[in-house]
Amino acid sequence: MTPLLQLTKVSKHFGGVRALHEVDLSVDAGEVVALVGDNGAGKSTLVKIVSGVESPDTGEIRVRGEAARLESPRAAAEAGIRTVFQDLSLCDNLDAVQNLFLGQERYGPVWSGRRVRRHVMEEQAQRVLESLSVKLRALNTPVVALSGGQRQGIAIGRALISDPAVVLLDEPTAALGVSQRGEVLDLIQRLREQGRGVLVISHDMKDVRQVADRVVVLRLGAKVAEFRRGGYTPADLVSAMTGAHEPTDGEGGDL
Ligand SMILES: Nc1ncnc2c1ncn2[C@@H]1O[C@H](COP(=O)(O)OP(=O)(O)OP(=O)(O)O)[C@@H](O)[C@H]1O
Ligand SMILES: [Mg+2]
């Protein structure tokens, strides 16, 4: 199977700082890959490169097997890659539909004055939220009134409006309570069931164990370990992240 997303030897420096060094990474259709690592390991840099916010110094990125130049967020979106950033970038005073279509509003034809087609957007909003099992009492209340889990649902729903092959999530469960965290892990499960490739950054090792088919560990910009679901212990992850000692089971360390 050709991976949906494939990075080969991707490197990035900021001045003298080595943010990423020859990182290989792939995400298959219907696969959730978790990206973990200590502060400064290079996780956000990798996500920014794949979302077209930063460009790599060297290395290659392929989307569905084809070399991709992700020069801007728009180029990444056109290549089928959408990102949910940690701050969610929701507009509190706008409602669910307005947030879902922010920057991608549906307009009527020129002869009608290109008015925003609210009913078209509402229908699609309903479909997208349903596909994620996000339940809202109303589509027209400002999202400031929603729970953290629902807000994450809207942010993920916004990424899905353009039906991307790959979804990147930066710390989707940070700052959420236990039940809302469960909701978000369910959202990720939905994305997997839809056959998308999911790359998720997380600091929460419980979440990682629960949701990830594969875990990629970065340390100081380099990929230091990769584990498959069930093939590692929490201690394996921690020692790979900190470099305390190399993983002992056969699953780890396949660089
Ligand atoms: N725009 C930038 N300018 C200079 N240095 C940067 C820039 N962005 C990232 N870095 C540096 O690159 C390295 C990797 O940073 P990055 O934000 O990717 O780490 P991270 O794994 O996301 O960390 P965290 O868990 O704290 O979010 C760090 O040393 C960081 O200081
Ligand atoms: Mg980060």
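For the structure itself, consult the block above.
The rules we used
- Residues numbered from 1 in each chain as written.
- Chains lettered and ligands numbered in written order.
- Predicted model: local features only at pLDDT ≥ 70, side-chain atom pairs only at ≥ 80, totals over all residues.
- Heavy atoms only, no water.
- Axes fitted to C-alpha atoms, helices over the stretch in contact; angles between N-to-C directions.
- Helix = DSSP H or I, 4+ residues; strand = E, 2+ residues; numbered from the N terminus.
- Parallel < 35°, antiparallel > 145°, perpendicular 65-115°, else oblique.
- Left-handed = near helix turned anticlockwise from the far one by under 90°.
- Contact = heavy atoms within 4.5 Å.
- Nonpolar A, V, L, I, M, F, W, Y, C, P; charged D, E, K, R; others polar.
- Phe/Tyr/Trp six-rings, centres within 6.5 Å; stacked < 30°, edge-to-face > 60°.
- Buried < 20%, exposed > 50% of the residue type's maximum accessible area, 1.4 Å probe, protein only.
- Near = heavy atom within 4 Å.
- Polar contact = N/O pair within 3.5 Å; in protein donor to acceptor, adjacent residues only side chain to side chain.
- Areas by Shrake-Rupley, 256 points an atom, 1.4 Å probe, with all protein chains shown as cover.

1. Concerning the packing of helix H5 (residues 148–160) against helix H6 (residues 178–193)
Step number 1: Running from amino to carboxyl end, H5 crosses H6 at an angle of 20°, the nearest separation of the two axes being 8 Å. Looking at the two axes, H5 sits roughly parallel to H6. At the point where H5 passes H6, the crossing takes the right-handed sense. Between H5 and H6, the contacting residues are Gly 148, Gly 149, Gln 150, Gln 152, Gly 153, Ile 156 and Leu 160 on the first element and Gln 180, Glu 183, Val 184, Leu 187 and Leu 191 on the second.
Step number 2: In terms of residue class, the contact of H5 with H6 is made up of five nonpolar, six polar and one charged.

2. Topic: the packing of aromatic side chains
Step number 1: Within the structure shown, the criterion is met by one aromatic pair.
Step number 2: Relative to Tyr 232, the ring of Phe 227 has its centre 5.4 Å away and its plane inclined at 45°; by these criteria the two rings are tilted. Across the pair, Tyr 232 and Phe 227 agree in class, each one buried.

3. Re the site of ligand 1
Step number 1: Neighbouring ligand 1 are the residues Phe 14, Val 17, Ala 19, Asp 38, Asn 39, Gly 40, Ala 41, Gly 42, Lys 43, Ser 44, Thr 45 and His 203.
Step number 2: Gly 40 is positioned such that a nitrogen or oxygen atom in its backbone is 2.8 Å from an oxygen atom of ligand 1.
Step number 3: Ser 44 places a main-chain nitrogen or oxygen 2.9 Å from an oxygen atom of ligand 1.
Step number 4: In isolation ligand 1 has 630 Å² of accessible area, and contact with the protein removes 61% of it.
Step number 5: For the shell around ligand 1, the secondary structure elements donating two or more residues are strand S2 (17–27) and helix H1 (43–50).
Step number 6: The element contributing the most residues to the shell around ligand 1 is H1, with three residues.

On their own, these measurements won't tell you what the molecule is for.
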